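Coordinate analysis (summary)
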Amino acid sequence: MEFGFLTQGYLPADRRTDPDAEHRTLMDDLEVCLAAEKAGFKYIWISEHHFLDEYSHISSNDVFLGALGALTSRAHVGSGIFNPLPKVHHPAAVAERVAMLDHLTEGRFEFGVGRGAGSHEVKAFHTDVTDVNETKRIFEETVPEFAKMWMQDEYPGFSGEYWDMPARKVLPKPYGPLHPAIWYAAGNTSSFEMCGRRGMGALGFSLDELPKTDAAIKAYKRAVANCDDPIGAWVNDNLIVANGFNSIAEDRGEARRDFLAGGNNYQMSQVFRYHDTFPRPEGFPQWPAVMPELSEEMLDAFIGLGAAIVGDPDDVIQQVKAWEATGADQLLMLRGVKTKEETLRMIRLMGDHVIPKFDLDPEHRTTRQRREAAGG
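The paragraphs below set out a description of the structure included in this document. This structure is a prediction, so every number in the text was calculated from the model and none was measured.

What follows is about the pattern of salt bridges. What the rule picks out here adds up to 32 salt bridges. For aspartate 53, the salt bridge is made with arginine 16, and the minimal N-O distance between the two is 2.6 Å. With aspartate 53 in the loop between strand E2 (43–46) and helix H2 (61–71) and arginine 16 in the loop between strand E1 (2–7) and helix H1 (21–39), the pair connects residues that are 37 residues apart, well separated along the chain. The exposure class of arginine 16 is partly exposed, given its relative accessible area of 34%. Among the salt bridges present, the one from aspartate 312 reaches arginine 252, with a minimum N-O distance of 3.9 Å. Residue aspartate 312 is found in the loop between strand E11 (309–311) and helix H12 (313–324), and its partner arginine 252 is found in helix H9 (residues 252–260); the two are separated by 60 residues along the sequence. Assessed through its relative accessible area of 45%, arginine 252 is described here as partly exposed.

The structure is reproduced here in structure tokens:
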């Protein structure tokens, strides 16, 4: 199993006493990403969100990824996600950015796509959309065009329900063989099945508990094994599970204390503030009401579900083994609500004690799949 790290520019209101808080957050995010590469995380993902105050202040993640690509040498950097819907970013412009990042990273870019967080984000661009589910049709019309733009000398153009474009040469072409890996931010079991059937890697941001992961992984792996209509020029057989609740320290008690003091339920309340397409857990209050912080008993329940990875390195190894047993290809750890110092500690301990126990292959899985698909 490989390991990834994701950050998104989380800036809650209680951190804004510093007038430079937004700048500091973004620069700290860049610093911890560089530490993640040094520690052996193979993938670094940067989210794209718009207008989501507090929850995410990284909107131009292509700019962030360009800087990150220049400052790294081994880690793959990925969009978690780029929004390719025409009213957010024109598809040809997205294809150009992906190819340029492929060049600047010399084949280390991972192209994750998605449709936006919820109505607050989606309807700011799609003012005529009454049901955010309509973006699924826009997405399905758009994403198959990327491989054509990259693989054909001249893209023949497109005329669809939601966007049109005349024939043009879309430049540059990707750097490596074929094109970067394509990933999709899947949410429910049917989305994971679709993802596998179309040969896309699955960004399982919603797979944050062991019990609900089994069905999604089985649906994905069954579909990708029988993929005969890939959306790109090669099949990206990879599924990611995500863990945003984590706290790791040399001392188990310190890790637990840091976690319980960390404001995790405030961030989770932000998730349901904006991701209004997510099913709200029973008893979870409507924003601006916030769930109270977790108790010791609730933390133990979270750890049992796999929803939190908390403890000393030996604890974490045992907890990660449970995720490895699901058959997931990559465990994605989110910065979440931790301070920069806590995040750097977690990253260091993961690199020193945990990652070497699980990731024994020096080559990135997507690099091998891309090369083999090209006949190399």
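Bringing the pairing of strand E9 (residues 239–243) into the picture now. For E9, the buried fraction is high: five of the five residues fall into the buried class. Of the two faces of E9, the one holding Leu239, Val241 and Asn243 and the one holding Ile240 and Ala242 are both buried throughout. Pairing of strand E8 (residues 201–204) with E9 involves three bridges; the strand directions are parallel. The partner of alanine 202 across the bridge, within E9, is leucine 239. In the sheet, E9 pairs with strand E12 (residues 330–334) via four bridges, with the strands oriented parallel. Its bridge partner being in E12, isoleucine 240 is matched across the sheet by glutamine 330.

What follows deals with empty space enclosed by the protein. Gaps between atoms show up when a probe of the same size as a water molecule is rolled over them. For the structure shown, the criterion picks out one cavity of 30 Å³ or more. By volume, the largest cavity is sized at about 30 Å³. When grouped by side-chain class, the residues that make up the lining of the largest cavity number four nonpolar, four polar and one charged.

Computed from the structure, the second largest pocket encloses a volume of approximately 150 Å³. Considering the residues around the second largest pocket, the lining is formed by 14 residues, among which His76, Gly107, Thr366, Thr367 and Arg370 are closest to the centre. For the lining of the second largest pocket, the secondary structure elements donating two or more residues are strand E4 (109–113) and helix H14 (365–373). Top element by residues in the lining of the second largest pocket is H14. It accounts for four residues. Tallied by class, the residues present in the lining of the second largest pocket amount to five nonpolar, five polar and four charged.

Okay, the sheet that holds E4 next. Spatially, the eight strands close up into a barrel ordered E1-E2-E3-E4-E7-E8-E9-E12, and their pairing is parallel. The mean inter-strand angle of the sheet, taken between neighbouring strand axes irrespective of direction, is 25 degrees. Those strands touched by helix H7 (residues 189–197) are strand E7 (182–185), E8 and E9, and its axis lies near 155 degrees from that of E8. Its contacts with the sheet put helix H13 (residues 340–358) on E1 and E12, and the angle it makes with E1 is roughly 165 degrees.

Inspection of the secondary structure assignment puts tyrosine 162 in the loop between strand E5 (158–159) and strand E6 (164–165). Here tyrosine 162 is in contact with Glu134, Arg137, Ile138 and Glu141, once residues within four sequence places are set aside. There is a polar contact of 3.4 Å between the side chain of tyrosine 162 and the side chain of arginine 137.

Within the secondary structure, glycine 376 is located in the segment after H14. Sequence separation between glycine 376 and proline 177 is 199 residues, and the spatial gap between their C-alpha atoms is 8.9 Å.

Two packed helices can be described by the angle between their axes and the distance between those axes. Across the interface, H7 lies against helix H8 (residues 213–225) with an axial gap of 7 Å and an inter-helix angle of 25 degrees. Classified by the interaxial angle, the pair formed by H7 and H8 is roughly parallel. Note that H7 runs across H8; the crossing there is right-handed. Across from Thr189, Phe192, Glu193, Cys195, Gly196 and Arg197 in H7, the residues of H8 making contact are Ala215, Ala216, Ala219, Tyr220, Ala223 and Val224. The residue makeup of the contact of H7 with H8, split by class, is eight nonpolar, two polar and two charged.

A complete count under the given rule lists 16 aromatic pairs for this structure. An angle of 65 degrees between the planes, with centres 6.1 Å apart, marks the rings of phenylalanine 5 and phenylalanine 41 as edge-to-face. With a gap of 36 residues between them, phenylalanine 5 in strand E1 and phenylalanine 41 in the loop between H1 and E2 connect regions that are remote in the sequence. Classification of phenylalanine 41 as buried rests on a relative accessible area of 1%. With 5.9 Å between their ring centres and 75 degrees between their planes, phenylalanine 245 and phenylalanine 259 make a pair best called edge-to-face. Separated by 14 residues along the polypeptide, phenylalanine 245 in the loop between E9 and strand E10 (246–248) and phenylalanine 259 in helix H9 bring together distant segments of the chain. The pair formed by phenylalanine 245 and phenylalanine 259 is uniform in burial state, with each residue classed as buried.

Cut-offs used in this document
- Once a new chain begins, its residue numbering starts again from 1 and follows that chain's sequence as written.
- Local features in a predicted model are, by the rule used here, given only for residues with pLDDT of at least 70; side-chain atom pairs are given and counted only at 80 or more, and totals for whole chains, interfaces and linings are based on all residues.
- The side-chain quantities take in all heavy atoms of the structure and omit both hydrogens and water.
- Salt-bridge detection follows one rule: a side-chain nitrogen of Lys or Arg within 4 Å of a carboxyl oxygen of Asp or Glu.
- Working definition: helices are DSSP H or I runs of at least four residues, strands are E runs of at least two. Numbering for both runs from the N terminus.
- For every residue, the accessible area (1.4 Å probe, protein chains only) is compared with the maximum for its type, and the residue is labelled buried under 20%, exposed over 50%, or partly exposed between those bounds.
- Any two strands are treated as partners once DSSP identifies two or more bridges connecting them.
- The method works on a 1 Å grid over the protein atoms by themselves. A cavity is a set of points holding a 1.4 Å probe that cannot get out, a pocket is an open set with protein on both sides within 12 Å along at least five of seven lines, and residues with an atom within 4 Å of a point line them.
- Grid points are joined across faces, edges and corners, and a volume is the space filled by probe spheres set on the points.
- When residue character is reported, Ala, Val, Leu, Ile, Met, Phe, Trp, Tyr, Cys and Pro are called nonpolar, Asp, Glu, Lys and Arg charged, and the others, Gly included, polar.
- Axis definition: a line fit to C-alpha positions, over the contact stretch in the case of helices; interaxial angles, taken between N-to-C directions, run 0 to 180 degrees.
- In this analysis, two residues are considered to be in contact whenever any of their non-hydrogen atoms come within 4.5 Å of each other.
- Within 3.5 Å is the distance limit for a polar contact, defined as a pair of N or O atoms, with the added protein rule that one can donate a hydrogen and the other accept it, and that residues adjacent in sequence qualify only through two side-chain atoms.
- Put simply, angles under 35 degrees are roughly parallel, angles over 145 are roughly antiparallel, angles from 65 to 115 are roughly perpendicular, and the rest are oblique.
- For any pair of crossing helices, the crossing counts as left-handed if the nearer helix is rotated counterclockwise from the farther one by less than a right angle, and right-handed if it is rotated clockwise.
- Centre distance within 6.5 Å is the pairing criterion for rings of Phe, Tyr and Trp, where only the six-membered ring of Trp is used; planes under 30 degrees apart are then read as stacked, over 60 as edge-to-face, and the remainder as tilted.

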